[in-house]
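Tertiary structure, described
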Amino acid sequence: MDIEKQFEAAFSRITLENGQPLVSFEPEIVHACIVNNDFAKITLILPEDSPLRGSLPAQIEAEIKQIEQIERVAVEVLAAPPQENNPANSAAAKAASQQPKRTAYLQNYEAVIAVASGKGGVGKSTVSVNLALALTQKGYKVSLFDADIYGPSLPIMTGKRGEKPSVAANRLIPIETYGMQTMSIGNLVDENDAVIWRGPMVHQALEQLLRDTNWPGGDFMIIDLPPGTGDIQLSLSQLCELTGAVIVSTPQDVALIDAVKAAQMFSKVEIDILGVVENMSFFACPKCGEETAIFSRNGAEEACKKIQAPFLGAIPIEVDVRIGGDEGKPLMANNLDSAATHAFRTIAKNLVKSLEEG
Ligand SMILES: Nc1ncnc2c1ncn2[C@@H]1O[C@H](COP(=O)(O)OP(=O)(O)OP(=O)(O)O)[C@@H](O)[C@H]1O
Ligand SMILES: [Mg+2]
């Protein structure tokens, strides 16, 4: 039986003192479950005065320890989110409770921007890091959050592979890199370790990273998303008030169709498209300067017309972009003067303009 099923089975064996199964309790008590090799960390949400606080943690610990792979268990108990003061029977309270809930994390940022694409590997993480750096170099206070819970790449790209954040007053301190504050699940769990993530857990992991990190606030929060329009995108749109999304695409038809799909998905959850970036737009020969449109060209500008979004700029294919990502010293941190560095500066400028024009 795979480890995820073993956890589900263990949780389903636990009953509360009144005989009610733990998993049927509403609201959900088990808020998060993170497994790292032989270590499991379980987070419970229980009101301060709940009698369950006495016995349940030990009960859960005993049950989870039955799982062969697990040697150590930590059970953390947090208080339930504070209840609204509204009179429960007021019409306004009822109407509000019927709205999809948006817990607004990251409210201390002027702009919270998700970098998205429909297709994988088009350069979202590369654009996130270098755009964030271009904004930092313009004098803005920028944070960078890796929302790719399944395949985090920011620790490698920003030279912080293997670095663990410090903790103060039970909160994670973001890792500083190139003048930016960053956080990634990749800095919390070891690479290649078994991490169990399924839909609800991904939501919980995202929420923990937003809630338990001491995000300092500032002008920009840039969020690197995984590809597609799956549960992470949806969770994020529920957990924080995104100012908008920047869609990354290559000029190829197939990537563009997916970019349009991603744009439609964001508009469904009422998130503005701040603009489209065309990445790997062309290759400029370093010897003769001739530009070759490897994946055809200008497709993104065409797509912008379709989705009525601003075109933010085109980034050429440059070997220094790739090397910067692999070696953890991003292109924009290298003081180079190349077509790609100009492109990132233009994109930063156009993004600010797109935000100002609202
Ligand atoms: N303009 C560019 N020139 C050269 N290499 C690039 C460029 N843009 C991205 N790359 C390289 O392409 C690869 C994929 O880029 P990246 O990881 O940023 O894509 P992604 O969209 O974040 O991928 P995923 O969907 O897996 O998260 C990386 O090796 C990166 O260095
Ligand atoms: Mg990525």
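Numbers given for residues are sequential positions, taken from 1 along each chain in its written order. The order in which chains are written sets their letters, starting at A; the order in which ligands are written sets their numbers, starting at 1. A pLDDT threshold of at least 70 governs which residues receive local features in this predicted model, and a stricter bar of 80 or more applies before side-chain atom pairs are shown or counted, although totals over entire chains, interfaces and linings include all residues.

The numbering of helices and of strands both runs from the N terminus, where a helix is a DSSP run of H or I of at least 4 residues and a strand a run of E of at least 2. Helix and strand content of the protein: eleven helices and 14 strands. Out of the 358 residues belonging to the protein, those deemed buried represent 41%. What counts as a contact here is a pair of residues whose C-beta atoms, placed from the backbone, lie within 7 Å. A fraction of 74% describes how many contacts in the protein between residues 6 or more apart in sequence connect residues 24 or more apart. Counts of 20 or more other C-beta atoms within 10 Å of a residue's own C-beta define buried residues, counts of 12 or fewer define exposed ones, and intermediate counts define partly exposed ones; C-beta atoms are placed from the backbone.

A word on the nonpolar core. By definition, a nonpolar core groups buried Ala, Val, Leu, Ile, Met, Phe, Trp, Tyr and Cys residues that are joined through C-beta atoms within 7 Å. Of all hydrophobic cores here, the largest spans 90 residues; its most connected members are Ile113 and Ile223. Counting contributing residues, this core receives three or more from each of domain 1 (3-78) and domain 2 (109-357). For Ile223, the contacting residues outside a window of four places in its chain are Val112, Ile113, Ala114, Val115, Phe145, Ala147 and Leu236. Domain ranges listed in this record stem from an automatic or a database domain assignment.

What follows deals with unusual backbone geometry. Within the chain, Ala169 stands out as a residue other than glycine whose phi angle is a positive 50 degrees. Along the chain, Ala169 falls in the loop between β6 (167-168) and β7 (171-172).

By the element assignment, Leu56 lies in helix α2 (residues 52-65). Taking the C-beta count within 10 Å as the criterion, Leu56 has 21 such neighbours and is therefore assigned buried. On a C-alpha basis, the gap between Leu56 and Ile14 in space is 9.0 Å, while along the polypeptide they are 42 residues apart.

What follows covers the pairing of strand β5 (residues 142-146). Judged by how many residues are buried, β5 sits mostly within the fold: five of five residues are covered. Covered by surrounding structure in β5 are Val142, Leu144 and Asp146 together with Ser143 and Phe145, the residues of both alternating faces. Of the pairings in the sheet, the one linking β5 to strand β9 (residues 180-184) comprises four bridges and is parallel in character. Across the sheet, the residue bridging to Asp146 is Ser184, located in β9. Whether two strands pair comes down to DSSP finding at least two bridges between them.

What follows is about the pairing of strand β11 (residues 244-249). Most of β11 sits inside the fold, with six of its six residues counted as buried. Strand direction decides the pairing type here: strand β4 (residues 109-116) and β11, joined by four bridges, are parallel. Looking at the pairing, Ala114 lines up with Ala245 of β11. Here five bridges tie β11 to strand β12 (residues 273-284), and the two strands are oriented parallel to one another. Note on β12: the bridge partner recorded for Val246 is Gly275.

Between helix α8 (residues 253-268) and helix α9 (residues 299-307), the shortest axis-to-axis distance is 10 Å and the interhelical angle comes to 30 degrees. By the angle class used here, α8 and α9 are roughly parallel. Viewed along their axes, α8 and α9 form a crossing whose handedness is right-handed. Residue-level contacts link Asp253, Leu256, Ala259, Val260 and Ala263 of α8 to Gly299, Ala300, Ala303, Lys306 and Ile307 of α9. Note on geometry: axes are lines fitted to C-alpha atoms, helical ones only across the stretch in contact, with angles between N-to-C directions running from 0 to 180 degrees. When an angle is under 35 degrees it counts as roughly parallel; over 145 it counts as roughly antiparallel; between 65 and 115 it counts as roughly perpendicular; any other value is oblique. For a crossing to be left-handed, the near helix must be turned anticlockwise from the far one by less than a right angle; the clockwise case is right-handed.

What follows covers the site of ligand 1. Neighbouring ligand 1 are 22 residues, the closest being Gly120, Gly123, Ser125, Thr126 and Gly325. Secondary structure elements with two or more residues in the shell around ligand 1: α4 (124-137), β12, β14 (311-317) and α10 (319-327). Each residue is assigned to one of three groups, with Ala, Val, Leu, Ile, Met, Phe, Trp, Tyr, Cys and Pro labelled nonpolar, Asp, Glu, Lys and Arg labelled charged, and all others, Gly among them, labelled polar. Partitioned by chemical class, the residues of the shell around ligand 1 number eight nonpolar, ten polar and four charged. The C-beta atom of each residue is placed using the backbone, and any residue whose C-beta lies within 6 Å of a molecule or strand is treated as near it.

Where α4 contacts helix α11 (residues 339-357), the axes come no closer than 9 Å and their chain directions differ by 70 degrees. Overall, the two elements α4 and α11 adopt an arrangement that is roughly perpendicular. Along its contact with α4, which presents Asn130, Leu131, Ala134 and Leu135, the element α11 presents Phe344, Arg345, Ile347 and Ala348. Residue composition of the contact of α4 with α11, grouped by class: six nonpolar, one polar and one charged.

With 19 residues, α11 should cover 27 Å at 1.5 Å per step; its first-to-last C-alpha distance of 27 Å lies within 8% of that length. Those residues of α11 lying buried are Ala340, Thr341, Ala343, Phe344, Ile347, Ala348 and Leu351. Within α11, the buried residues cover an arc of 155 degrees as seen down the axis, which keeps them to one side. Opposite the packed face of α11, turned more than 90 degrees from it, sit the exposed residues Lys353, Glu356 and Glu357. Its buried side turned inward, α11 meets α4, β11, β12, β14 and α10. Remark: Gly358 follows α11 within two positions and exhibits a positive phi of approximately 55 degrees. For a helix, the expected span equals 1.5 Å multiplied by the residue count minus one. Directions drawn from the helix axis to the C-beta atoms are what define this arc.

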